[in-house]
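Topology and contacts: notes
The chain contents come next:
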Amino acid sequence: MRQAGRSLPEYRRVRADVPMLEACARPDMIVEITMQPVRRHDVDAAIYFSDIVVPLKAIGIDLDIRTGVGPVVAEPIRDDSGVKRLRDIEPDDVGFVSEAVGRLVEELDGRPLIGFAGGPFTLASYLIEGGPSKNHERTKALMYGEPETWAELMRRLSAITLGFLKVQIDAGASAVQLFDSWAGALSAEDYRDNVLPYSASIFAALADREVPRIHFGVGTGELLSLLSEAGADVVGVDWRVPLDKAAQRVQPGTALQGNLDPATLFAPWEAVEERARSVLDRGRAAEGHIFNLGHGVLPNTDPDMLTRLTEFVHEETRR
Ligand code: 1CP
């Protein structure tokens, strides 16, 4: 349900006069927007409404989320002095998160709430590039050219991410997802040497919390075994690799999440059904499968398609 809200008229209504980052800091808005897809589609879990840049904003990084663009950072981080601007997050920095999670857990009445944070490479990319990037060239330039600065950046981002996930777990989130969405831009070797150790440290630090840990990236076909090595209980897969193949690439005992192509939802229902059935069939090869899209809901998706898809998956899995 990543960015599911964008496709819903009721989301656009409540967001009409409220900028994205303000909505992410107001418990009343967070609760309402988180509940909208649950009410409308009857999905099995809710994903906490926020964005991966919210903890960065909370520690004082000057950034905004622009409509139609995404996160934009006022002063991109490109050297040691920039990295030093990243301080640890304290629960008091994000009191609105604890409050909203607590209220949601009550309202969800047993339905799980998935908390989340951005993965270290993805956060680094927004901070270094200053906004969305196709090639991540400045990010790679820093990674290759200034390895010590890169390592310190990764250490600080991992600490922030871990702190932010702990706040959500302490407030009652029943699972957490690490979105390292753009990790697929890296070669396996670069990922293993420059990112994996930091994601692994985050998952290891959460191992005793008894909440399932999900690890997601886009275009990660070649990285699935490394993503899984980082230690999550569940690995998210986009639509490029069928789940039966993905199951062979992850560590034994790892469940999969995914992986219907979000663009499928623009095709006639018969085509959606056929592909959703194939995802369910292939998912049986995995040691546990959470049905989901392979990436976020596209903004122009017909919400009725999502409702119908959810109904279909419920019927099939009950059968
Ligand atoms: O369904 C939900 O609303 C869940 C909440 C959620 C999540 C899990 C939002 C709200 N953002 C995210 C995570 C997020 N944000 C990721 C990781 C997941 C993914 O890969 O999609 C990433 C990469 C971002 C960064 C981001 N924020 C983008 C992508 C820009 C790019 O680089 O291409 C965008 C467009 C946003 C804005 C945003 N975040 C969320 C919403 C609902 C929106 C749209 C804001 C609006 O209404 O204008």
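Cut-offs applied
- Residues numbered from 1 in each chain as written.
- Predicted model: local features only at pLDDT ≥ 70, side-chain atom pairs only at ≥ 80, totals over all residues.
- Helix = DSSP H or I, 4+ residues; strand = E, 2+ residues; numbered from the N terminus.
- Rg over C-alpha atoms; globule rule 2.2 N^0.38 Å.
- Buried ≥ 20, exposed ≤ 12 C-beta atoms within 10 Å, placed from the backbone.
- Contact = placed C-beta atoms within 7 Å.
- Pairing = 2+ DSSP bridges.
- UniProt positions renumbered as here; feature names shortened; annotations may be inferred.
- Axes fitted to C-alpha atoms, helices over the stretch in contact; angles between N-to-C directions.

A count of helical and extended segments in the protein gives 15 helices and nine strands. Relative to a compact globule of 319 residues, whose C-alpha radius of gyration would be 20 Å, the protein shows 19 Å and is just as compact. Seen through its C-alpha atoms, the protein measures out along the principal axes to roughly 55 × 45 × 35 Å. Per-residue burial for the protein yields a buried fraction of 45% across its 319 residues. Pairs at least 24 apart in sequence give 70% of the contacts found in the protein among residues at least 6 apart.

In the sheet, strand E2 (residues 63–66) pairs with strand E3 (residues 70–73) via four bridges, with the strands oriented antiparallel. Paired with Ile65 across the bridge in E3 is Pro71. Following E2, the chain reverses through three residues before pairing antiparallel with E3; Gly68 in that reversal takes a positive phi of roughly 80°.

On to the environment of Tyr198. Position of Tyr198 among the secondary structure elements: in helix H11 (residues 196–205). With 24 C-beta atoms packed within 10 Å, Tyr198 lands in the buried category. When the C-alpha positions of Tyr198 and Leu280 are compared, they lie 32 Å apart, and in sequence the two are 82 residues distant. Each residue touching Tyr198, except ones within four places of it in the same chain, is listed here: Pro120, Met154, Arg155 and Ser158.

Glancing now at the UniProt feature "binding site: substrate" (unreviewed entry) in the protein. Following the UniProt record, one finds the feature "binding site: substrate" (unreviewed entry) at Arg2, Gln3, Ala4, Gly5, Arg6, Asp51, Tyr126, Ser181 and His295. In this fold, Gly5 is placed in the segment before helix H1 (9–15). Residue class for Gly5 comes out buried when judged on the 21 C-beta atoms lying within 10 Å of it. Among residues more than four places away in sequence, those in contact with Gly5 are Tyr11, Ile33, Gln36, Pro37 and Phe49.

Looking now at the sheet that holds strand E8 (residues 255–260). Sheet architecture is open: seven strands sit in the order E1-E4-E5-E6-E7-E8-E9, paired in parallel fashion. Pairing within the sheet leaves two strands with one partner each, and these edge strands are strand E1 (46–47) and strand E9 (289–293). Here two bridges tie strand E6 (residues 213–216) to strand E7 (residues 234–236), and the two strands are oriented parallel to one another. Following the sheet pairing, His215 is matched in E7 by Val235. Here helix H14 (residues 269–283) sits on the sheet in contact with E8 and E9, set at roughly 165° to E8.

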